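# Observations on the three-dimensional arrangement
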Amino acid sequence: MHDYKLYKAHLSELEQQLAGAYHRQLVLITGSPAWCYELLNSLIDENNTLVVSKQCAIKNSYWPTRTHQILGQEFTHAVYDGFSGLHPDKLAALAGTVKAGGILFLLLPELDDLASWQDPALSTMQSHGQSIDYSLFNQRFAAIIKLLPTFHFSEKNGYISNNTSYVKHNKINYEPQQNCVDQIVKVANGRANRPLLINADRGRGKSAALGLAAAKLAGKKVIICSTQFKATHSSFKHLANELNLQYNTEHKQLANLHYVAPDALLNALPECDLLLVDEAAAIPVPLLLKMLAHYSRIVFASTLVGYEGNGRGYTIRFSNYIKAYYKASKVLALDEPLRFAKHDPLEQHIRTLLALDAQYKELSSDQLEQPVHSEITQQSLVNNEPLLQQVIALLALAHYQSSVNDLRQLLDTPSQRIFISRINNLLVGVCLIAIEGGLSEDLALQVTSGERRPQGHLMAQTLSQLSFNDDYFTQLSARVVRIAIDPSSHNMGFGKKLLSYCESQVKSQCNWFGASFGATAQLLNFWQNQGFDTVKLGYQRDKSTAEHSALVVKCLNNKSAIIQPLKKQFKNDFFYGLLTHFKTLDWQLVSILIAGFSDELVSPETRERLALLVNNSFTQFNISATLWQVVNQSPSCMSQLTESDKQLLIKLVLQNECNEKVIQHLGLLGKKQLENQFKHAIKNLTSAI
């Protein structure tokens, strides 16, 4: 057993400084796993220390499969075992659980070896058949952490201190939280339909404020909703403290506060005087909108660093919607930390290491010229920190499922190509493309038959299984992982030009070009206008976006005939699906998809049948089957109709919606008006055939 008295003395001094400053610190322990584990075990107190590790060599080790299992808890100290894999989301979430005066211990190999070390986390970046023996993420991580004012215990170099100093007496400012509590109470007692949005960084007392407000509303029924019950423990604990009650962490009700999961809430729609939605960024925006429509007094609270799932898309889509449609709404930002004092070293270290503070600066209108496109390497991003920050910030700004892991994915994913657009050297567009396929025929046969599902190659696997054609798996294809354009430059054709440039660059390497995304009418319209064909629409809605996932593909060589059977099969599947699993699909999305289908010859018998029905006293019942057949065979006839006629025929005929719901959807006065509009739509349709 080594003598670690010197390390203990340094640690004891650090803990005294942190206690007076109400700060937290990162302590780095580097060396061989055995040395790091032995040192750590001699330093940590088992009580109230969370140890995130796959190794039983550390006392009380625990490895969460999901980040949500870490969130919403508090510990005196925490340990992250980097030898179990350096996963940014877990590291960031764990740092958020450390209380003032506490330490986050991070175990890693010696920093000079970090980039070439075989990090177990690398396997999550690799698709089948790919390997990587050098981590650019770890290269950057090591270079940055060397410069940070941290405590460093090294097997090779001993104790290293980077001039850390602390304010001896700090104060925590509770005034912003108290104001937040007052605003929540005001929502409950004030006028209806004045939603409150609380946006906060981790450790700002957001969840605590919800519990404190519930305590002030003792006479009212309050529901708290969150994807994870564990995340609401802080709210219940603060409610219990205020009311001098015992709190059992297994119980989902205390005094006037009840926990209800999002799906149960929307299924049952229980009555309440106030609905509190915690970690709202983790809930799909369409579900939040349903809550907003039903509950007239509602508070949405969320952490916006992106641990929760939807990341900054929550801010973009949801906050903007509320501001636009609820003029009396309020947005409150909790900036002052409560679990620790301002300028906390640990928080600043994690933000710097994982580029969580990356901010994108939009172009001004006088800078909008034609962009210059280029391909850049992952190494060039590591060598150019300002450009890396801009790329990360733009990707986070433009996408709804940003994650703390995005930086690692960007730098370490093999077979990824990165294309950018710049104006006057300022970034205006980014496109990430994964190169897929190129695998063996034996594996392709197993994938096609459904026996194997190797990691990655998402589009190649899907196309192989849809077509029963091994070419999609054995030959190379390019899949757009993400494409992001400067928000101030939208609707100027920049996305179209960047996509076209990417296509020209991958054409010599790949046979197919495609993308998969949550389908909206606007997005599908963009891709179909660029010559991509929709070949698949997921049967179930995605849990993050509440949208069906669409797969679009484009042939890059003379093998376009291979896609034709896929297009025809999808068309047949889709028309059947409109009567079953796509029955509630948004009609605008249905319209866009139909516009992408090819016409077939409408049989003379069908034409004659339609003419006879139209020229006689037809009813909705006796003509609908023929209409369904005509639109199936000649989808282009729908393009000639007005938007209201399209909506009517899609809902009434293609999706077989009941009359009452169609009347409601279209805002009609009753069945007579529906009948008249239906006949008018039929007349317009028949003239278009």
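Residues numbered from 1 in each chain as written. Predicted model: local features only at pLDDT ≥ 70, side-chain atom pairs only at ≥ 80, totals over all residues. Heavy atoms only, no water.

It is worth spelling out the sheet that holds strand 17 (residues 426-437) at this point. If you trace the seven strands from one edge of the open sheet to the other, you get 15-16-17-18-19-21-20, paired in mixed fashion. Sheet topology places strand 15 (372-376) and strand 20 (533-541) at the edges, where each strand pairs with a single neighbour. Neighbour-to-neighbour, the strand axes of this sheet turn through a mean angle of 25°, independent of strand direction. Sheet topology places strand 17 next to strand 18 (residues 476-485); nine bridges connect them, and they run antiparallel. Note that in strand 18 the partner of valine 430 across the bridge is alanine 484. Its contacts with the sheet place helix 13 (residues 385-398) against strand 15, strand 16 (416-423), strand 17 and strand 18, and it is angled at close to 80° to strand 17. Sheet strands in contact with helix 19 (residues 521-529) are strand 18, strand 19 (512-518), strand 20 and strand 21 (548-555), and its direction is about 175° off that of strand 19. (Pairing = 2+ DSSP bridges. Helix = DSSP H or I, 4+ residues; strand = E, 2+ residues; numbered from the N terminus. Axes fitted to C-alpha atoms, helices over the stretch in contact; angles between N-to-C directions. Contact = heavy atoms within 4.5 Å.)

Remark: helix 23 (residues 620-633) packs on helix 24 (residues 643-654), axes separated minimally by 10 Å, with the N-to-C direction vectors making an angle of 105°. Relative to helix 24, the element helix 23 lies roughly perpendicular. Touching Gln620, Ser624, Leu627, Trp628 and Val631 of helix 23 are Leu652, Val653 and Leu654, all from helix 24. Here the residues of the contact of helix 23 with helix 24 sort into six nonpolar, two polar and no charged. (Parallel < 35°, antiparallel > 145°, perpendicular 65-115°, else oblique. Nonpolar A, V, L, I, M, F, W, Y, C, P; charged D, E, K, R; others polar.)

Let us now look at the pairing of strand 21. The buried count for strand 21 comes to seven of eight residues, which makes it a mostly enclosed element. The pairing of strand 19 with strand 21 spans seven bridges and is antiparallel. Bridge pairing in strand 21 links glycine 518 to serine 549. (Buried < 20%, exposed > 50% of the residue type's maximum accessible area, 1.4 Å probe, protein only.)

This brings us to unusual backbone geometry. With a phi close to 55°, tyrosine 22 is a non-glycine residue in the positive phi region. Note on placement: tyrosine 22 falls in the loop between helix 1 (5-21) and strand 1 (25-30). With a phi close to 60°, asparagine 193 is a non-glycine residue in the positive phi region. Residue position: asparagine 193 is located in the loop between helix 5 (175-189) and strand 8 (196-200).

Our focus in this paragraph is the environment of asparagine 170. Here asparagine 170 lies in the loop between strand 7 (158-161) and helix 5. As a C-alpha pair, asparagine 170 and phenylalanine 340 span 170 residues in sequence and 9.3 Å in three-dimensional space. Setting aside anything within four residues of it in sequence, one finds asparagine 170 in contact with Gly20, Ala21, Tyr22, His23 and Ala341.

Among the nonpolar cores identified, the biggest contains 145 residues, and Ile29, Phe105, Phe141 and Phe574 are the most heavily contacted of them. Ile198, Val222, Ala240 and Tyr247 belong to the second largest nonpolar core, which has 32 residues in total. (Core = buried A, V, L, I, M, F, W, Y, C linked by side-chain atoms within 4.5 Å.)

Each pair of packed helices gets described by two things: the angle between the helix axes and the distance between those axes. Put simply, helix 6 (residues 206-215) and helix 7 (residues 233-243) touch, their axes get as near as 7 Å, and they point 40° apart. One way to sum up the angle between helix 6 and helix 7 is to call them oblique. Taken as a pair, helix 6 and helix 7 cross one another with a handedness that is right-handed. Residues Ser207, Ala208, Leu210, Gly211, Leu212, Ala214 and Ala215 of helix 6 lie in contact with helix 7, whose contacting residues are Ser234, Ser235, His238, Leu239, Glu242 and Leu243. When the residues that make up the contact of helix 6 with helix 7 are grouped by side-chain class, the tally is seven nonpolar, five polar and one charged. (Left-handed = near helix turned anticlockwise from the far one by under 90°.)

This part is about a positive patch on the surface. There is a patch of like positive charges on the surface, built from Lys186, Arg191, Arg194 and Lys330. With respect to the secondary-structure elements, lysine 330 resides in strand 14 (residues 330-334). (Patch = residues over 30% accessible without salt bridge, like charges linked within 9 Å, V, L, I, M, F, W, Y side chains within 5 Å. Areas by Shrake-Rupley, 256 points an atom, 1.4 Å probe, with all protein chains shown as cover. Salt bridge = Lys/Arg side-chain N within 4 Å of Asp/Glu carboxyl O. Lys, Arg positive; Asp, Glu negative; His and termini not counted. Charge placed at Lys NZ, Arg CZ, Asp CG, Glu CD.)

In this section: the sheet that holds strand 11 (residues 257-259). An order of 10-11-9-12-13-8-14 is seen for the seven strands of this open sheet, with the pairing classed as mixed. Of all strands in the sheet, those with a lone pairing partner are strand 10 (253-254) and strand 14, marking the two edges. Bridge analysis of strand 12 (residues 274-278) against strand 13 (residues 298-303) gives four bridges, and the strand direction is parallel. Of the residues in strand 13, the one forming a bridge with leucine 275 is isoleucine 298.

Going through the model one piece at a time under the given rule, you end up with 29 aromatic pairs. Residues tyrosine 7 and tryptophan 35 carry aromatic rings whose centres are separated by 6.0 Å and whose planes lie at 80° to one another, so their mutual orientation is edge-to-face. Within this pair, whereas tyrosine 7 is found in helix 1, its partner tryptophan 35 is found in helix 2 (residues 33-43), the two being separated by 28 residues in sequence. Ring centres of phenylalanine 575 and tryptophan 628 lie 5.9 Å apart, and the angle between their planes is 80°; this geometry places the pair in the edge-to-face category. Placement of phenylalanine 575 in helix 20 (residues 564-577) and of tryptophan 628 in helix 23 is noted, with a sequence separation of 53 residues between them. Joined through ring pairs, the aromatic side chains of Tyr539, Phe570, Phe574, Phe575, Phe582, Phe597 and Trp628 make up one cluster. The ring centre of phenylalanine 229 lies 5.4 Å from the NZ or CZ of lysine 252, which sits over that ring. (Phe/Tyr/Trp six-rings, centres within 6.5 Å; stacked < 30°, edge-to-face > 60°. Lys NZ or Arg CZ within 6 Å of the ring centre and 35° of its normal.)

On their own, these measurements won't tell you what the molecule is for.
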